[in-house]
Amino acid sequence: MLKDSPVRIFYNRTFQVVFLLYSSLLILLGRQLDRGITNFDDAYYAQKAKEIFLSDSLWVVLWKNDPVFDNPPLPFWLTGLAYKVFGVSGYAAVFSSAIFGVLTIYLTYSLCNYLFKENWIAFLSAFVLLFPGVFVDSSRRGMLDITLAFFVTAAMYCLVKGLENKKFYLLYGVMTGCAVLTKSILGFFPIVIGGVFMLWYGGFKKLFDPMYMAGIVVALVIGCSWHTVNWYMFGDEFIQSHLHQISLDRYGYSEGASLFYLFGYFKDMLKNYWPWLPVTAVGVFLFAKRSF
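Residues numbered from 1 in each chain as written. Predicted model: local features only at pLDDT ≥ 70, side-chain atom pairs only at ≥ 80, totals over all residues. Heavy atoms only, no water.

Turning our eyes to something else, we now look at the packing of helix H2 (residues 40–52) against helix H3 (residues 74–86). For the pair H2 and H3, interaxial distance at closest approach is 8 Å and the crossing angle is 75°. Taken together, the axes of H2 and H3 lie roughly perpendicular to each other. Only Phe76, Trp77, Thr79, Gly80 and Tyr83 of H3 make contact with H2, whose side of the interface consists of Tyr45, Ala46, Lys48, Ala49, Lys50 and Ile52. Of the residues belonging to the contact of H2 with H3, the class tally is 7 nonpolar, 2 polar and 2 charged. (Axes fitted to C-alpha atoms, helices over the stretch in contact; angles between N-to-C directions. Helix = DSSP H or I, 4+ residues; strand = E, 2+ residues; numbered from the N terminus. Parallel < 35°, antiparallel > 145°, perpendicular 65-115°, else oblique. Contact = heavy atoms within 4.5 Å. Nonpolar A, V, L, I, M, F, W, Y, C, P; charged D, E, K, R; others polar.)

Written as structure tokens, this is what we have:
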């Protein structure tokens, strides 16, 4: 009945995509005045982007003119390009996060539409990201999380598409490599998730598919390029600073680190992910029940 009524336009895929893109651009980029950067982390990354383009090498990330090894350079390259277009400003510092936020919303819609073949499921899945919360806040800041979220989502989309067209496995590798170049160890999530998915979906035959394995190689070559260059240039200093202090200490694998660090994410969800938290919990339960 509803599809025959005047509200049938809301079922139209084109209308839904235009609504999501327009709304996300308005919400994430709708800043009329540049009020600067008030958060330390945002300013820290913005300064890195400024210094890396003033240095002799795009592969060496600088902070106060000294090499630092906590973050790979891809987000700073993108912010540096925004500086070239808009000038060095608070708006330019958050521009790439906002754009990747918009693209993540669109990819979420596309992925859900591909999986469920239902426009409304896809629309509501993407609309959740637009609702006031962590995603919107992060997309309006100069952090690395939204850039990482985009590349992980893009990698998952390409992985699923690869089941029909194996050429997408190579693009899956490119997106995964970019995720690693965005946030190092966390960028390897698509490889871990992809391995479990391929094994679950088709056993070892799917897992060792030549094109899928080629995608993994592409991901490692692209993703580890920064690590290789900096290890060659700085040796053990890079290894100790990046892998030990930044990655292992943070996630509780070395002396003095908090074993409960990861539970902070759950605490943030309990605080900020309303009203979607109970919906998510029910959804996870239903998917798990169907899978097992």
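Resuming the write-up.
Centre distance and the angle of the planes are the two values used to describe a pair of aromatic rings. Enumeration over the complete set of coordinates arrives at 24 aromatic pairs. A ring pair is formed by Phe40 and Tyr44, whose centres lie 6.0 Å apart and whose planes are at 10°; its orientation type is stacked. Here Tyr44 and Phe40 lie together in helix H2, a separation of 4 residues that amounts to about one turn. According to the relative accessible area criterion, Phe40 is exposed, its value standing at 56%. Their ring planes at 90° and their centres at 5.4 Å tell us that Trp120 and Phe123 sit as a pair that is edge-to-face. With a gap of 3 residues between them, Trp120 and Phe123 both fall in helix H5 (residues 119–130), about one helical turn apart. (Phe/Tyr/Trp six-rings, centres within 6.5 Å; stacked < 30°, edge-to-face > 60°. Buried < 20%, exposed > 50% of the residue type's maximum accessible area, 1.4 Å probe, protein only.)

Summary statistics for the chain give a mean pLDDT of 86 and a share of 87% for residues scoring 70 or more. In the predicted structure, residues 252–257 sits below a pLDDT of 50 and forms 8 contacts with residues beyond four places in sequence or in another chain. (pLDDT = per-residue confidence, 0-100.)

For the rest of this paragraph, the subject is the nonpolar core. In terms of nonpolar packing, the biggest core is built from 59 residues, with Phe151, Tyr172 and Tyr212 touching the most fellow members. Listed in part, the 5 residues of the second largest apolar core include Leu29, Ala98, Val102 and Val136. (Core = buried A, V, L, I, M, F, W, Y, C linked by side-chain atoms within 4.5 Å.)

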